[in-house]
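Fold and geometry: a report
Next come the chains, spelled out residue by residue.
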Amino acid sequence: MLLNILIFELQFWKKRVFPYVFALIVFLLTILIFTLEGVSLGGDANYRNSPYSLMIWYYVLGMILPIFINTFISSGVTRDYENKFDQILYSLPVNRNKILLGRYIGGLIVIFLIFLTIPLADILSGFMPWADKELLGPWRWDAHLQSLLTLTLPNLLIMGSVLFLIAAWTKSINYSFLGAIAVVVLFTSISSLNDKIDNKTIAALTDPFGFTSIFYHTKKWSLYEKNHFLFILDWKYFANRLIWLTLAILLWILALNLNKFSSPFRKQTKKEKQTAKPIFSESIFSNVVMDFSPSYILRNLHFQAKMDFLHIVRSPAFIVTVGLILMILLMNFVGIVQSDSGLSDTMATTSNTLDFLEVVTSMINFGIIYFSGMLIWKERDAKINDIYDSLPVKTFTVYLGKILSIVYLVFVYATILLIVGILYQIFRGVYVIDWSIYFAELYGINLFYALTLTILSMFFQIIVNNKFLAYFLSALVIIVEPFLLKWLKISSNMLSITPELPRRITSDFYGYGIFKTSTIAFMIYWLLIYGLIGFVSYWFFVRGKNISWKERGREFVYRFSNSKMFFVPIFLIAIAYTGFMYYQTQIVNPYFGEKESLEREAYYEKTYRHLMNYPIPKATKVDYKINLHPSKRSYDVKCKMWMVNKEDSIIDKIYINNDIHRPFKIKFQGASLSNEDKNAIVNFQTYKLTTPLKKGDSLLFEYEYFEENKGVENEIKNNRLLTNGTFMDFSSFTPILGYNKDLEISDKSDREKYGLPTKAEFSPPLVRECTHACMKDYIGGMGDWVTIHTVISTDADQIALAPGKMIKSWKEKDRNYFEYDLSQPSKFFFSIVSGKYEILRDSSRGVQCEVYYIPQHAHNTKMMMHALKKSIEYYSDNFGPYKHPVARIIEFPKFSSFAQAFPGTMPYSESIGFTSNLVKNPEDVNEVFHIVAHEMAHQWWAHQVIGADMQGKTLLSESLAEYSSLKLLEKEYGMDMTAKFLKEANNGYVFSRAFEEKGESSLKTVDNQGYIHYQKGSLVLYAIQQFLGEPKINTALSNLVKKYGYKEPPYPNSYALLDEIYSLTPDSLKSTVKAGLEEIIIYSTDIKDAKVIKRVDNKFETSINFSLAKNSSDPNAKEKKKISEINIGKSEEVPIRDYFDLAVYQNAEDKSRYGKLIHKQRFFLNKKENKLKIISDKKPDKIVIDPYFIHIHKDPEDNIKKL
Amino acid sequence: MNLVIQNLNKKYANGIKAIDNVNLEIGNGMFGLLGPNGAGKSSLMRTIATLQDPDSGSITLNEMDIFTNKDELRKQLGYLPQEFGVYPKISAYDMLFHIATLKGIKENTKDLVLGLLNKVNLYEFRKKNVSDFSGGMKQRFGIAQALIGNPNLLIVDEPTAGLDPTERNRFHNILSEIAEDKIVILSTHIVQDVIELCNNMAIIHNGSVRFKGSPSDALAILKDKVFGRFVEKGELESFKANYQVLSEKLNAGKNFLNVYSEQVLTSPFDKKQADLEDVFFYICRA
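1. Some details on the overall build of chain B
In terms of regular secondary structure, chain B is built from 10 helices and 14 strands. Counting only C-alpha atoms, chain B reaches 70 × 45 × 35 Å along its principal axes. Looking at chain B as a whole, 44% of its 286 residues are labelled buried. Put simply, of all contacts in chain B between residues at least 6 apart along the chain, 69% involve residues at least 24 apart.

Here it is, written out as structure tokens:
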């Protein structure tokens, strides 16, 4: 019986087109994913079909499983109801449950068969003529089988049951479809929220997809492991699947029982009470007033929109979307409030709140697509179309009314978001609400996107004339388009399907500022384009039974001639406007598209790379005259630069990277332009010196620069010159001399495509002999130590800042002028700033301390000032004197979220620090303090001692700055906060190294790898400090400043620091210190058990039993051309001979990391299995191995055990 | 009012010729369109109602081509399709009001809607959702909506299907009342409807018009040519083979055959007064 139904169901699907269409899509997508250039799931240095990539691919497809389930399973449940066959079917002597079960299993089999096209596609990928066989690994049937059985099948069963329940409950395929969307959104939300939960076990058990426990292992995987290993299934995975499968079975049983009752959406309405019946005269039928004047159209439009809107609002789908929106926002809110990142929280400013609200954008988009389809099919679904279509109503009022009703709907959504946003802000203690941004974003730009999406999805519905195919196409476009544009390397915002707008950055400094014009211009462009799509939709809008293309063609001719008088002018306007936009974005404001940029960059490198080491004179003294006009988006610069040849060789040519679109006017004393080449990414100019420069000879280099930004831009080119909060670094207005290797293509596959050699290492190798190789520092070769004098002017309401001390300021012609002087020779690395600032002033050790901020962001300025003063005190006491008369922190708009150190000046983004919420979790790591301390430390580590341009270059700057700030944090907040900081550093390091592709260096040879110079740097240097003690480290560091601070080249490299440290390290610790600096060691711990007993002497003895594994990776494992040879991240276990701390704590439940420290003891371990005891006076409730991170651990959580 | 259909043809994608060279001229009054299920009645009516374009041929209303003046025709049209549904959760009153607005009614819409509801005996149910109506109530609702705007051309497709005798009578009364100065086209497969209501009629079979004229013209075709008798079950087949059987009916449990014959048949056949049903069967069998 069951078998018969199952066979019948399979035969049913055999005759449908859907299984074949879906299978083809999955098959082709898989082939494309595996073979298309530039697409990769597991990273570039991964096989396209490595076990890890396969896992990701099955995971991604798992996300859209609900669509499969809805098509092949839910439809089996609702089929009879939709076809009104239910009454007949269920009157037959068949067991209803068996029918449903048979169909459910049949659908499962169909879906599973569709998924089997993935392994097939994997086999066939290698035969595709365009496939790069280097990128395809061996066919791993075991990996396919593992993913199919552990990712696809369980999720199919679980989600299948949930959707089956929804289908059985609602008896409607439309609601099942909605349910499918809801399940995707809900499951994804739970899954992503899980990432924020600190308790990994709970997270792993509650993830509805069951991926969390798998990702927990794979996210720390190295390249080697990703290419070779099957993913790990631990007990958490199986427990999770057991829980969810049980739930699925329960839902199943519920679904079977529910099916016996009638649908909640088909219930009866209540009886109305009767009222007295009026008397009707017959004349009303014959004397009706029918009005078909133009007002009829308007009335109908309004009426149609109203009715359609009410139709949406009354549908359960609407309630479901609103419920989901609120639920997602609530979960997001809970996630934010409860997240325990250990870092300080960001304030709920209006623009941050908009980011918070953005999580529901895709939900709303899917809602719009759904309701657009629902409205286009409204009459036909209700089967009232025969009546409706024979009414005298104009077709275009029906169409426009439907669009209008979605606009109303989006208004409702926007208002919900507005209310939630304001409540969120108030709840989080922010009472300054920026209404203009709310309205512009929610009711302006959101509405714009919603309107265009409505037109697009209705267009599909109308043209395709099949609801589900059109849904599929709409979803496909919004999902696939971004990848498509990236793949085609399309840069123009005019060429896409869904509208693209220039990137805009709103800020509390200026609101929309300079981004407004171009954004609005593009919105008008897209509205015109979508207006034309609207016309096409109208021409083919289905009315009556004319559904064949022949009939629709006739309708088209008729409607086209009817609408000509509107279409033609709009079409002409659209063409003219497109021309205008083309002129503005390509000719007035030209730019190089992505493809052209790459070609020009490749040409530049191929043609001029041989000039890399051609000598360049170095600047020693610079004089700038800068006039900023922020309100006009223009500025001009006059510069005089005195330069000296410091090289041994004679310089007879100077190469200049001049800008092609905005050229520098160059005036050289005694030099003439001999050649220029505009085919490169820059205009590469060659100046011939009439008298060549010998060593020690000097030269005056002069140039002028003028920049004016106007009209509409494809992307806002200069988003640093702002109406308020201008912040530009010197490279914006200073031409780079000599071959600029920053202009080389860095992306590996792009390099390959343009025939450039692979950049195996980005920096020259580290050498001990630091003479000739160390003549350049790593931040730029324009000068070694220069003095800068600047006169800068700006608009009357702004303050302008340049490097050094302010000499004087004055007003002239309603403009503000300032004169600055940087008299301490410093790195040629500075910025200029202009804005409407408030200033907080103080002083410390004779240094004038200043914080520049906008009035809205005063909250943390005192904390910044405090950190500034503390930094000056600790660093100058222990490292060496601070040489500038001023130390400034300057807030800048959030086009970037970093802080940066220039000599004596530290610009700091509004999005960090200035809007951090320090009040919420005072025990979290104080990021405001930390960042100021870090940037201030750069005044020593980078601006006094700077690494030579070779491997290890950032050890002397970033690692030392990070260490210094951590030490200061410890002084200010104690060891508990230090432990938190170290744990974050440990986790960040272990997580990021998994994505390393060019090879993980040791700290000594770090090559600009953030996770090594920041996270590992702070861990290792702080550990060494724990071993050697603070005084010894400070001795080493102050020696470094004495030897290399502000010294002419050769510049120091890693060995300078290593030598200082080694000279102070006792022999017993040498191997430990060396391991941190020169090796890659990661420990993993497994605590078997731990218990505490009270001894007779009233002391407490805590014993712990744990095993330890020490894994070492090769710091010389480098990127290989062939994936099969890659061994990055391959590790081997090595013997243990190390010191370990063991500590016990009390009051573990309070908000600090460990609780109150009772006792800490250091042990020397040389075995894998360890049994240790620690005695304390008080009763501990927690024991921690290596609490303060003298080593790096795979997962610090494994080191903690509650007693 | 004058509706002229000339050389109308329509073939569906599946190859079925739904309208096969139809020529009709229809004036004021009730016009019956009789034909078995699937004869093409609904296709023809949908075509007149501008829901479907023909492959060739023309239809004019008072010499206005309806395919190039769809909106004009729709302004004068009342149409009750054979099958229709309504939006869920909308009351009869709201739904009628909705349609009235779309039909261009600007003033006194409320009175009109209530009056119509009263006329079709749905006044008490005006606040009830149409989706919850019984078949007969829904059909009456359909009639009400078709009457909005006092249309010059009223097309009703199988209107009495599913109505009980009282409702059917009521409906016939409404139709005959309004048919005086306008065209009412009624399609049906129930012969009785035509007999009761129509002065003019056409019989359609397989898409083409097999007969047009008045019901009495139709009866004249079979004058003195219909004979009937009771037969045993076992004899049925041989009778079917030997005679041109028009219909076989059960009469008090026994089979009664109507046969067509040019010659006079003798006992046990009885000469029968031909009725429209016989004509219908005669034409549709031929």
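2. A look at helix 15 (residues 294–314) of chain A
A rise of 1.5 Å per residue sets the reference length of helix 15 of chain A, with its 21 residues, at 30 Å; its end C-alpha atoms lie 30 Å apart and thus fit the reference within 8%. Residues of helix 15 of chain A that are buried include every one of Tyr 296, Asn 300, Gln 304, Ala 305, Met 307, Asp 308, Phe 309, His 311 and Ile 312 of chain A, and no others.

3. Overview of the interface of chain A and chain B
The extent of an interface is frequently quoted as the accessible surface area lost upon association of the parts. The partner chain B presents 44 residues to the 39 residues of chain A that form the contact. Of all the elements in the fold, those that place two or more residues in the side of chain A that touches chain B are helix 14 (283–286), helix 15, helix 20 (385–389) and helix 25 (549–588) of chain A. Ranked by the residues each element gives to the side of chain A that touches chain B, the list is headed by helix 15 of chain A, at seven residues. Residues belonging to the side of chain A that touches chain B are distributed by class as follows: 17 nonpolar, 10 polar and 12 charged.

4. A closer look at the packing of helix 22 (residues 435–464) of chain A against helix 23 (residues 467–488) of chain A
Residue and element names in this part refer to chain A. At a minimum axis separation of 8 Å, helix 22 and helix 23 run at an interaxial angle of 140 degrees. Considering how the two elements wind past one another, helix 22 and helix 23 form a crossing that is right-handed. Of the residues in helix 23, those in contact with Leu 456, Ser 457, Phe 460, Gln 461 and Val 464 of helix 22 are Lys 467, Leu 469, Ala 470, Leu 473 and Ser 474. Of the residues contributing to the contact of helix 22 with helix 23, the split by class is six nonpolar, three polar and one charged.

5. Focus: the domain arrangement of chain A
Here chain A is described as being made up of domain 1 (2–262), domain 2 (302–550), domain 3 (589–759 + 781–828) and domain 4 (1079–1203). Computed from C-alpha coordinates alone, the two centres of domain 3 of chain A and domain 4 of chain A are separated by 52 Å.

6. Points about the nonpolar core
Counting 213 residues, the largest nonpolar core has Leu 163 and Phe 164 of chain A together with Phe 31, Leu 96 and Leu 186 of chain B as its most contacted members. Top contributing element to this core by residue count: helix 22 of chain A, with 14 residues. Among the nonpolar cores identified, the runner-up in size contains 149 residues, and Tyr 963, Ala 1036, Tyr 1051 and Ala 1090 of chain A belong to it.

7. Observations concerning the sheet that holds strand 15 (residues 831–835) of chain A
Residues and elements named next belong to chain A. As summarised here, the arrangement of the three strands in space is 9-15-12, forming an open sheet in which the pairing is antiparallel. The sheet is open, and its two borders are formed by strand 9 (726–729) and strand 12 (799–801), each paired with just one other strand. Direction aside, neighbouring strands of the sheet carry axes that sit 5 degrees apart on average. In terms of strand pairing, strand 12 meets strand 15 through three bridges, oriented antiparallel. Bridging across to strand 15, Ala 800 finds its partner in Ser 834.

8. Considerations on the sheet that holds strand 24 (residues 1138–1146) of chain A
Residue and element names in this part refer to chain A. Reading across the sheet, the four strands line up as 25-24-27-28 and stay open at both edges, with antiparallel pairing between neighbours. In this open sheet, the two edge strands, each paired with only one partner strand, are strand 25 (1156–1165) and strand 28 (1200–1202). On average, adjacent strands in this sheet sit at an angle of 15 degrees to one another, irrespective of strand direction. Sheet analysis places strand 24 next to strand 27 (residues 1182–1185), joined by four bridges and oriented antiparallel. The residue of strand 27 that forms the bridge with Tyr 1145 is Lys 1182.

9. Side note on the pairing of strand 27 of chain A
All names here are of chain A. Side chains of strand 27 alternate between two faces, with Lys 1182 and Val 1184 and Ile 1183 and Ile 1185 buried alike. Of the pairings in the sheet, the one linking strand 27 to strand 28 comprises three bridges and is antiparallel in character. The residue of strand 28 that forms the bridge with Val 1184 is Ile 1200.

Reading guide: rules and limits
- All residue numbers refer to positions counted from 1 along the written sequence of the respective chain.
- Here chains are named by letter from A upward and ligands by number from 1 upward, in the order in which they appear as written.
- Note on the predicted model: pLDDT of at least 70 is required for a residue's local features to be given, and 80 or more for side-chain atom pairs to be given and counted; whole-chain, interface and lining totals, by contrast, use all residues.
- Note on conventions: DSSP H or I runs of at least 4 residues are helices, E runs of at least 2 residues are strands, and numbering of each starts at the N terminus.
- Remark: C-beta atoms are placed from the backbone, and a residue is labelled buried if 20 or more other C-beta atoms sit within 10 Å of its own, exposed if 12 or fewer do, or partly exposed between those counts.
- We call two residues in contact when the distance between their C-beta atoms, placed using the backbone, is within 7 Å.
- Helix span, as expected, comes to 1.5 Å for every residue beyond the first.
- Under the grouping applied here, Gly and all other residues not named as nonpolar or charged are polar, the nonpolar ones being Ala, Val, Leu, Ile, Met, Phe, Trp, Tyr, Cys and Pro and the charged ones Asp, Glu, Lys and Arg.
- To obtain an axis, a line is fitted to C-alpha atoms, over the contacting stretch when the element is a helix, and the angle between two such axes runs from 0 to 180 degrees between their N-to-C directions.
- Crossing handedness is read from the near helix: turned anticlockwise from the far helix by less than a right angle, it gives a left-handed crossing, and turned clockwise, a right-handed one.
- Domain delimitation in this document rests on an assignment produced automatically or drawn from a domain database.
- Note on definitions: a nonpolar core is a set of buried residues drawn from Ala, Val, Leu, Ile, Met, Phe, Trp, Tyr and Cys, linked by C-beta atoms within 7 Å.
- Strand pairing follows a simple DSSP-based rule, namely that at least 2 bridges must link the two strands.

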